[in-house]
Structures are given as C-alpha cells and as structure tokens.
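Remarks on the overall topology
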Amino acid sequence: MMRSLYAGVSGLRNHQIRMDVIGNNIANVNTIGFKSNRVTFADMFYQTLSAGASATATTGGTNPKQVGIGVTLGSIDTIFTQGNIESTGRTTDLAVEGDGFFVVRGAGGEDYVTRAGAFTQDEEGFLTNPAGYRLMGWTSDANGVLGTDLKVIQIRKGEEIAPGATSKMAWSGNLDSRLDAADPDNNTRVTSKQIYDSQGNIHELEVTFTKTANNTWNWAVTKYPTGATLGSGTGTISFFDGGTIDPATSVVNISLTNIPGGVADMNNIELDFAHLTQYAKENSANIESQNGFPVGSLSDLDIDSNGVITGLYSNGQRRTLAQVAVGSFSNIEGLTKVGQTMYMESNNSGELVIDKALSGGRGVIRSGSLEMSNVDLSQQFTDMIITQRGFQANSRIITTSDEMLQELVNLKR
C-alpha cells in the first residue's frame, strides 16, 4: 500500500484534532478564567531507503534517503496569558492579576486550582464557585488574628462582634484663655459623650473644665453611670504661654467600678487632652472620640489586593476575617484540566505551593472583578481557515493515492 495514503490519513486525523481544539476555544470565548489551547504538529518516524555514506578516496559522501509516513500530534498546549479584568461591582467576585491560582476544595477533600473567581456565599457562609467547590485560605480568631492552618473560608452572614468597653477618650478644640471675673460661667466648659461598658450598655460621661488661673484649668468628671464608683475623677491641666498644653498634664486615667448590671469594671480609662489648646477665643473643647462600641452584626465585606477579607459591622467596627490563598506551580502548562475551569496537579506540573498574594512572584487579587477568557477570536478564525485548508489538502492526498492504486489495478486488464 502506498505510504502517501497513510500520510494523508494521519494528516486528516490530526487536523481534525486541531479543529476540535479550535472549536473548544471559540465555544469558551466568554467563559471566565478560561485559558485557550493550541495544537502543534510533529512529523512521524521515517522509512530509510538508504543510509548516508561517508566520502572515500574516489567518491564523495552520500546523504541518507528517507521517506516520511505522515504527521503526529506534537502537543496540545494551554496558553496562560492574562485575560482581561472586567469590573462587576460584586465584592466576592475575585480575579488574579498576574501569576497564581485560587485554591478550591471539593466535598471529598481534594484540592484544585482555578483562575475563575466567581465566588458566592452558600447557606453555611462558605465561599464557593458555581460548581460548589470551596475557596481556601487562612481564617482569623475572635480578635482578628489570622491563623496559619490552611482551611476553607467560612464567613457566616449576620455574624456578631462582641461589644467593646470604652478604654480611651480624646478631646480637641479650645479653652478660652481670657479669665472672666465678672461672669464665672465663661470660665467653665462642659463636655460629654456616650461610653460603653463590657456588655455594650450605653452610659453618659461628663467632664467639666474650670479655669482657676492663667494657663491653669481644673477638670472633673461631673456625670458617670449611676451607682458606679468613680476613681481619680479630678485633676489639673496646664498650658504653656503659647497656648499649647503641657504634655505632663495632657493624659490622665480614671476608673469606674461597681457598675450596676454585673458588667466588668472599667479600670484605667485614658482621658487624652493632648489636642486641646488655650487661645483667646470662645470655648470649643469637646470630646472628639471614644473607642467603645456596642454589639454589631456583619453587614458587608471588603477584600484588598492581598486577599485579606475584612468584615464591616453595623456598629462601625472592622475586623479581619480571613485571607485568600494563592497557589503556584513550577510548570503551569503541565496542569491537567478537569472541567469547570479548574485544574489539578500532574506529574509534570510540579507540586502545588500555596502562599499569599504578592509573595513569591504571585499576582494581586482584584475584588469586584473577574478575569475573562483569553481566547483571541481573530487568531482562532485564522487558525480555523489554515486547519480547514490543511484538512482539504490531506484529503486530496488520499483521493490521488486512491487513483494511482486504481491505475495499478487496471494494469491487469
């Protein structure tokens, strides 16, 4: 049988495989995180008609005479170029810009990687992809400190954050430097603010400033939780002649104990007067801030470029909840595709190495965005035309070889 017939058949078969790959690329032109494939061909082994011979004293050397018997599949490569990053405005939609993969875990405990970051929270609070695989990372304790053990990320909707008792209060504004003997009321300034105890109960704390001499003011806690015991509730602050406060008197501490309701004692509440001034203008001193807060529930999430997930609570607090893990391989083109835009480790990919974003050459994480398919339609259609013509040419080899064999058979007639 003619060798050209087998060569044509191998050409048809492998061009069909190339067309299958092109068709799959085009079908996934809008698949998030999809990476296109390409096919390369290689010539098959050769039949040697005569081996090469070296030159002699009387004749020159001769080259080998070989006839190829067709084409074979060289490789089907995955092209891991970056896809376009498109904004979605949805916090849990994530994209890796640069190298790296999201790590997801199946129900059986098996780990896969993916570039598709369309994650949602299921009924248990796990961040899952559309196939139900859970996103991996590091979760934090009740104080917002990230752990070191890799696990699935679970963020329960409506999760509560415990209240925090007030431990620091800060003042700002001005105390009038002009001593008014005619109207003593102008020599006082009353400031007040709500504070919180260990159970999140609200109390009012009032501090009154009274000018006693040039550059000298007395302060006193004039209102505090009813029934509580106040400790160190009075003192003096001094100002320099330029109107700035003397640092030696700018920070004091008070305590509130025996607060009704079975709450914890509030020892060493810091009163920070460092930002008060004393100039010749009206009194404007006020309590600028206090660090206590009531119980709050999780209302929203924020994810930064390092993949750190921060919870935003109804009481205005923020707390680190988790950090998204990013995986990498020494040879990403060696990964095995398993469907659902996921990959698994193979013998030629190297082991999965998991770390944080922006470490070890890994890219950044973009929240509220998705990476689109990297399929280039113009390139795919060009390859389709070339593949079609290659298929046609190989089919002509078969028909022509058939005609030649027919002529050979006809010699007997």
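What this report covers is the structure whose coordinates are included nearby. (Residues numbered from 1 in each chain as written. Predicted model: local features only at pLDDT ≥ 70, side-chain atom pairs only at ≥ 80, totals over all residues. Heavy atoms only, no water.)

**Concerning the environment of Phe273**
Rules: We count a stretch as a helix when DSSP gives it H or I for four or more residues in a row; a strand needs E for two or more, and each element gets its number in order from the N terminus. Working definition: with a 1.4 Å probe on protein chains only, accessible area under 20% of the residue-type maximum means buried, over 50% means exposed, and in between means partly exposed. Note on definitions: a residue-residue contact is assigned when non-hydrogen atoms from the two residues lie within 4.5 Å.
Tracing the sequence through the fold places Phe273 in strand β21 (residues 266–277). With a relative accessible area of 0%, Phe273 lands in the buried category. As a C-alpha pair, Phe273 and His203 span 70 residues in sequence and 21 Å in three-dimensional space. Discounting chain neighbours no more than four positions away, the residues touching Phe273 are Trp171, Phe209, Trp219, Ile237, Ile245, Thr249, Ser250 and Val252.

**Topic: the environment of Ile397**
Of note, Ile397 is situated in helix α2 (residues 377–410). Spatially, the C-alpha atoms of Ile397 and Ser373 are 37 Å apart, while their sequence positions differ by 24 residues. If we skip the residues at most four places from it in the chain, Ile397 touches Ser4 and Gly8.

**Comments concerning the sheet that holds strand β17 (residues 216–223)**
Our working definition: The rule for pairing is simple: two strands pair if DSSP sees at least two bridges between them. Axis lines are fitted to C-alpha atoms, over the contacting stretch for helices. Their N-to-C directions set the angle, which ranges from 0 to 180 degrees.
The sheet built from four strands is open, its strands ordered β15-β16-β17-β19 with antiparallel pairing. Two strands in the sheet have a free side with no partner beyond their single neighbour: β15 (188–196) and β19 (234–238). This sheet shows a mean twist of 25 degrees between the axes of neighbouring strands, independent of strand direction. As defined by bridge partners, strand β16 (residues 202–213) adjoins β17 across seven bridges and the pair is classed as antiparallel. Opposite Glu206, over in β17, you have Lys223 as the bridge partner.

**Quick look at the pairing of β16**
Inspection of the sheet shows β15 paired to β16 by nine bridges, in the antiparallel sense. Within the sheet, the bridge partner assigned to Arg189 lies in β16 and is Phe209. In sequence, β16 turns back onto β17 through a hairpin of two residues, with Asn215 there showing a positive phi of about 65 degrees.

**Some remarks on the sheet that holds strand β22 (residues 286–290)**
The sheet built from five strands is open, its strands ordered β18-β20-β21-β14-β22 with mixed pairing. This sheet does not close on itself; its edge strands, each paired only once, are β18 (229–231) and β22. Each adjacent strand pair in this sheet contributes to an overall mean axis angle of 25 degrees, direction not counted. Where strand β14 (residues 168–174) lies against β22, four bridges are found, and the strand directions are antiparallel. Bridged to Ala170 within β22 is Ser289.

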